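As a plain string of letters, each chain reads:
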Amino acid sequence: MDDDMVFDPSLKKKKKKKTGFDIDAALAGEQGESTSVEAPAGTGDVDLPEDDNLDLDNFGKKKKKKKKAVFNMEELESTLPETPPAEEPEQQEDEVIDDLDLDIDFSKTKKKKKKKNIEELVLEDDTKGEDQENVEDVSGDLWSGTDRDYTYDELLERVFDIMREKNPSMVSGKKQKFIMRPPQVVRIGTKKTSFANFTEICKTLHRQPKHLLDFLLAELGTSGSVDGNSQLIIKGRFQQKQIENVLRRYIKEYVTCHTCRSPDTILQKDTRLFFLQCETCGSRCSVASIKSGFQAVTGKRAAIRAKTA
Amino acid sequence: MSIQNLNTFDPFADAIKSSEDDVQDGLVHVRIQQRNGRKTLTTVQGLSSEYDLKKIVRACKKEFACNGTVVEHPEYGEVLQLQGDQRENICQWLTKSGLVKPEQLKVHGF
Ligand SMILES: [Zn+2]
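Throughout, a residue's number is its position along its own chain's written sequence, starting from 1. For naming, the first written chain is A and the first written ligand is 1, with later ones following in the order written. With the structure being a predicted model, the display of local features is reserved for residues of pLDDT at least 70 and the display and counting of side-chain atom pairs for 80 or more, all residues being used for whole-chain, interface and lining totals. With hydrogens and water stripped out, all remaining heavy atoms of the structure feed into the side-chain values.

An unreviewed UniProt entry annotates chain B as Eukaryotic translation initiation factor eIF1 originating from Danaus plexippus plexippus. UniProt positions are given in the numbering used here, feature names are shortened, and annotations may be inferred rather than shown by experiment. Within the UniProt record for chain B, the comment given under Sequence similarities (unreviewed entry) is "Belongs to the SUI1 family." Note on chain B: under the UniProt heading Function (unreviewed entry), the record states "Probably involved in translation."

Identification of chain A as Eukaryotic translation initiation factor 2 subunit 2 from Trichoplusia ni is taken from an unreviewed UniProt entry.

Visitor: Honestly, the sheet that holds strand S2 (residues 192-195) of chain A in this entry has me stumped. Any pointers?
Guide: Sheet strands pair via backbone hydrogen bonds, and the direction of the pair is either parallel or antiparallel. All names here are of chain A. Two strands qualify as a pair provided that DSSP identifies no fewer than 2 bridges between them. Secondary structure elements follow DSSP: runs of H or I no shorter than four residues count as helices, runs of E no shorter than two count as strands, and numbering proceeds from the N terminus. Read from one edge of the open sheet, 4 strands run S1-S2-S4-S3, paired in antiparallel fashion. Bordering the open sheet on either side are strand S1 (185-188) and strand S3 (224-226), each of which pairs with just one other strand. Direction aside, the axes of adjacent strands within the sheet are offset by 20° on average. Pairing of S2 with strand S4 (residues 232-235), which is carried by 4 bridges, proceeds in the antiparallel orientation. Bridging from a neighbouring strand, Thr193 pairs with Ile234 of S4. For helices, the axis comes from a line fit to the C-alpha atoms of the stretch in contact; other axes are also lines fit to C-alpha atoms, and the angle between any two N-to-C directions lies between 0 and 180 degrees.

Visitor: Would you take a moment to explain the sheet that holds strand S3 (residues 68-73) of chain B for this structure?
Guide: All names here are of chain B. Strand order in this open sheet of 5 strands is S3-S4-S2-S1-S5, and the pairing throughout is mixed. Looking at the sheet topology across the chains shown, the edges are occupied by S3 and strand S5 (105-107). Strand-to-strand twist across the sheet, computed as the mean angle between neighbouring axes with direction ignored, equals 25°. Pairing between S3 and strand S4 (residues 77-83): 6 bridges, direction antiparallel. Note on S4: the bridge partner recorded for Gly68 is Leu82. Whether two residues touch is decided by their heavy atoms; if any such pair falls within 4.5 Å, the residues are in contact. Across the sheet, helix H3 (residues 87-96) is in contact with strand S1 (28-34), strand S2 (40-45), S4 and S5; its angle to S1 comes to roughly 160°.

Visitor: Mind showing me how you'd approach the pairing of strand S7 (residues 284-287) of chain A here?
Guide: A regular strand carries its side chains on alternate faces of the sheet. Residue and element names in this part refer to chain A. Summarising the sheet, strand S6 (residues 273-278) and S7 pair through 4 bridges and their orientation is antiparallel. When the bridges of S7 are listed, Gln277 appears paired with Arg284. Following S6, the chain reverses through 5 residues before pairing antiparallel with S7; Gly282 in that reversal takes a positive phi of roughly 80°.

Visitor: Help me understand the pattern of salt bridges in this model?
Guide: Pairs can form between side chains of opposite charge once their charged atoms are near each other. Residues and elements named next belong to chain A. The term salt bridge refers to a side-chain nitrogen of Lys or Arg lying within 4 Å of a carboxyl oxygen of Asp or Glu. Here the structure, examined in full by the defined rule, presents 7 salt bridges over all chains. Between Glu200 and Arg181 there is a salt bridge, with the nearest N and O atoms lying 3.5 Å from each other. On the criterion of sequence distance, the pair formed by Glu200 in helix H9 (residues 198-205) and Arg181 in the loop between helix H8 (168-171) and S1 is long-range, its members being 19 residues apart. In this scheme, a residue with accessible area under 20% of its type's maximum is buried, one over 50% is exposed, and one in between is partly exposed, where area comes from a 1.4 Å probe on protein chains only. In this structure Glu200 comes out as partly exposed when scored by relative accessible area, which is 28%. Note on Arg181: relative accessible area 16%, which makes it buried. In this structure, Asp214 engages Lys210 in a salt bridge whose closest nitrogen and oxygen atoms are separated by 2.8 Å. Linking Asp214 with Lys210, this pair stays in helix H10 (residues 209-220), spanning 4 residues, or about one helical turn. Accessibility expressed as a relative area gives 29% for Asp214, which makes it partly exposed. Classification of Lys210 by relative accessible area gives exposed; the value is 57%.

Shown next, in the form of structure tokens:
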């Protein structure tokens, strides 16, 4: 999936100055939640499940933040002997170059917390050494054989050890990239908007143009169609930022897995309902069907009356 | 008399509820539509029919200093229409007044 999702950075260089596409905001809500749970547990692992996702955060705009992230990541890795750092430097370069980079994000507050924890854990790991290896063997746990109760931190560590053991790929620092160009939005005249790379974005997202079209039009409360040049012509005036917002919501609802947020998903229609099937974690959940809902009459009423009469 | 502790509680009740989406999905859809030029229109669909929408619109018009009306729709019931982008205003107002729970609100648009 890396291959087809990653855009050649060289393709993109010209676009550098374009505003980024911040899909993360869309996921921010979720991320906030997951952070609070996962951050304390983020011990010892550069690549936690949450990182395996489409974190559409660093779409551009935030170059500074990105650089910070890179810096932190290097630090993280150096504290972590078991993580092969080989792959990272390259990707970091990508991140700096690429605007529209839906790459996994190490940014923001999460980072600090995690880093602290990692250091702690590395120390602990060193001291504990081998008994941690077989986690299922209860004798490996500190509280076994004693009267005392286990602590929350110990339990967290235990579950993460198990996770790492069962999913070696998680530890190996393999990251999924999901890079998308920003929508190219141009005004046509005063009343229409062209979304020029609509078809391309559909391909990137592996979704039927019709599905995305339905969603866009329903959300924007307008009408439109794909023209001969495979660009989407929308009635009304919309800015790139606005289209991005809607796209972000689309991705959150219909592209990324609701469980693990992997973008490697299939949208299936099954008896009137759409299901999102995740190729990464196997979860399957129904997604909201697209409805325009109530549409107010905005045109010239006289014209409508003339048409219907 | 019932002993509350023995009542079965379905932890997924709300999940089921939100997945079956019909017109009466319990959600209040707040949408925006463009009119001519820079003008926009906010619509609120799905407010319970137990509420007096006319009273709500009167209060909103005053509060947000905009015009508004109630439209009767055969499928969606009574729909509130307000001039301009009142999405934030109306969401705040509806939750503050306790008419709608925050999780019931679904805001559409750009
Ligand atoms: Zn998944």
